[in-house]
Amino acid sequence: MTSSSMAPMPLMPHQQKSRTQTKLGNFNHGMLVVFDDPMTKDNHLLSPQMAGAQGFYFYDMKNAYSAWFSYTLIFNSTKHKGTINIMGADLMDEETRDFSVFGGTGDFFMTRGIVTIRTDITQGAYYF
Amino acid sequence: MTSSSMAPMPLMPHQQKSRTQTKLGNFNHGMLVVFDDPMTKDNHLLSPQMAGAQGFYFYDMKNAYSAWFSYTLIFNSTKHKGTINIMGADLMDEETRDFSVFGGTGDFFMTRGIVTIRTDITQGAYYF
Amino acid sequence: MTSSSMAPMPLMPHQQKSRTQTKLGNFNHGMLVVFDDPMTKDNHLLSPQMAGAQGFYFYDMKNAYSAWFSYTLIFNSTKHKGTINIMGADLMDEETRDFSVFGGTGDFFMTRGIVTIRTDITQGAYYF
């Protein structure tokens, strides 16, 4: 896997800020979010769910928005059954960002590679 | 390593809920626990400690119990010296679950593989 | 990479304790710190920054100081562009400690290996 065609959905009600950010700067430094999000093949929220993405991220820069992710893609369908483990820095200013795929189980036993993500849309935090 | 014969002990006084869960659902969504647990060859709490398991987990589902682990097995004995790094989703409803082994140091230099875990017993949270 | 010549800097104003430790013992058990630190070739704070280290650590022992790290080295210069992902237990009593390098992107695509760290100086927590 050198590129993912699955688009991460925007922040969802499944997500919840589970630790408050620090007072360092204006970019949520230290805020940690645990998430459990649906993954779909296209960018439509109501499309069939291909997998779940479970894990966490936190913001880690004082002077800009930047985050760090670690999560697992969980497949549990007739087509795929297994997990893919992913981790990396999300340099939010870049057009695309790469995470490391460092392991997997089931159908994805010992998977390695890179996941490339791209932001579809950014919605204000007031949304949640 | 495709299977671990070492049974993780139940929640211990070494563990402590170190961040409170969110209000999302009734399954501790967002609760993060840092742990430092003994590992033994059998399931007896008073057996000799083979290794330590240090790391963290958090609950990440709104509708059911599910967790996500990342930790290190630390061996420091005459028999084994080194670490094994482990991470993955803990789908608590499954009979067995697989984590990725993505690295190690010392005697376990560059270890890769899978750890399979199984729950021995679940004790209510009121215990702690 | 079997050894890193880049010295991690001491705790910096970039860092901030972003979750309070538990009351278990006197060694900050459960305290989680999100950091965004400069990396330099020598041990001088004012040297040119070679990379950034973004990630988190937490203390995980009740009876002694011990920590667990997961972070990304981010290179973004004319010389190197890409990331290196690192994770492992920091047995703070040891002269040197080894973390796993389990992946990378860009110039460091699919990097694997070990990072060895050494403490230069420990400053009291009252500093921050």
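K.L.:
Explain the overall build of chain A to me, using residue names and the numbers behind them.
P.N.:
When helices and strands are counted, chain A shows zero helices and eight strands. Walking chain A from its N terminus toward its C terminus, one meets helices and strands in the order β-β-β-β-β-β-β-β. Taking all 128 residues of chain A together, 53% fall into the buried category. Considering only contacts within chain A whose residues lie at least 6 apart along the sequence, 38% involve residues at least 24 apart. Counting every atom, chain A has about 6100 Å² of accessible surface; 53% of that belongs to carbon and sulfur.

K.L.:
Explain the nonpolar core residue by residue, including any values.
P.N.:
The biggest cluster of nonpolar side chains holds 27 residues, and the ones touching the most others in it are A:Phe56, B:Phe56 and C:Phe56. Excluding anything up to four places from it in sequence, C:Phe56 contacts A:Phe56, A:Phe58, A:Trp68, B:Phe56, C:Leu32, C:Val33, C:Val34, C:Phe35, C:Trp68, C:Phe69, C:Ser70 and C:Tyr71.

K.L.:
Quick one: what's the story with the pairing of strand β3 (residues 32-40) of chain B, residue by residue and with numbers?
P.N.:
Extensive coverage of β3(B) is indicated by the burial of nine of its nine residues. Both faces of β3(B) are covered, namely the face carrying B:Leu32, B:Val34, B:Asp36, B:Pro38 and B:Thr40 and the face carrying B:Val33, B:Phe35, B:Asp37 and B:Met39.

K.L.:
Describe the side chain of B:Gln54, and please don't skip the residues or the numbers.
P.N.:
Looking at where B:Gln54 falls in the secondary structure, it is placed in strand β4 (residues 51-59). Those residues in contact with B:Gln54 that lie beyond four places of it in its chain are B:Phe35, B:Asp36, B:Tyr71, B:Thr72, B:Ile74, C:Asp60, C:Met61, C:Ser66, C:Trp68 and C:Leu91.

K.L.:
Account for the confidence of the model for chain A, with residues named and values stated.
P.N.:
Residue and element names in this part refer to chain A. Predicted confidence across chain A gives a mean pLDDT of 79, with 76% of residues reaching 70 or more. By mean pLDDT, the top-scoring element of chain A is strand β6 (residues 81-90) (95), and the lowest-scoring one is strand β1 (residues 7-8) (33). Segment residues 1-16: pLDDT under 50, and 59 contacts once partners within four positions in sequence are set aside and those in other chains are kept.

K.L.:
So, the packing of aromatic side chains: which residues are in play, and what are the values?
P.N.:
One pass over the full model with this rule turns up 51 aromatic pairs over all chains. With a centroid separation of 4.7 Å and 25° between ring planes, the pair formed by C:Tyr57 and C:Phe69 is classed as stacked. Here C:Tyr57 is found in strand β4 (residues 51-59), whereas its partner C:Phe69 is found in strand β5 (residues 67-76), with twelve residues between them in sequence. An angle of 15° between the planes, with centres 5.5 Å apart, marks the rings of C:Phe58 and C:Trp68 as stacked. Of this pair, C:Phe58 sits in strand β4 while C:Trp68 sits in strand β5, placing them ten residues apart in sequence. The exposure class of C:Phe58 is buried, given its relative accessible area of 0%. Of the aromatic side chains, those joined through ring pairs into one cluster are A:Phe56, A:Phe58, A:Trp68, B:Phe56, B:Phe58, B:Trp68, C:Phe56, C:Phe58 and C:Trp68.

K.L.:
Could you give me a rundown of the environment of C:Asp98, with the residues and numbers involved?
P.N.:
With respect to the helices, strands and loops of the structure, C:Asp98 is situated in strand β7 (residues 96-106). Residue classification places C:Asp98 among the partly exposed residues on the basis of a relative accessible area of 28%. Measuring from C-alpha to C-alpha, the distance between C:Asp98 and C:Arg112 comes to 13 Å, with 14 residues separating the pair along the chain. Setting aside residues no more than four positions away along its own chain, C:Asp98 makes contact with B:Thr105, C:Ala89, C:Ile114, C:Val115 and C:Thr116. At a separation of 2.8 Å, a polar atom in the side chain of C:Asp98 contacts the side chain of C:Thr116.

Parameters and conventions
- Residues numbered from 1 in each chain as written.
- Chains lettered and ligands numbered in written order.
- Predicted model: local features only at pLDDT ≥ 70, side-chain atom pairs only at ≥ 80, totals over all residues.
- Heavy atoms only, no water.
- Helix = DSSP H or I, 4+ residues; strand = E, 2+ residues; numbered from the N terminus.
- Buried < 20%, exposed > 50% of the residue type's maximum accessible area, 1.4 Å probe, protein only.
- Contact = heavy atoms within 4.5 Å.
- Areas by Shrake-Rupley, 256 points an atom, 1.4 Å probe, with all protein chains shown as cover.
- Core = buried A, V, L, I, M, F, W, Y, C linked by side-chain atoms within 4.5 Å.
- pLDDT = per-residue confidence, 0-100.
- Phe/Tyr/Trp six-rings, centres within 6.5 Å; stacked < 30°, edge-to-face > 60°.
- Polar contact = N/O pair within 3.5 Å; in protein donor to acceptor, adjacent residues only side chain to side chain.

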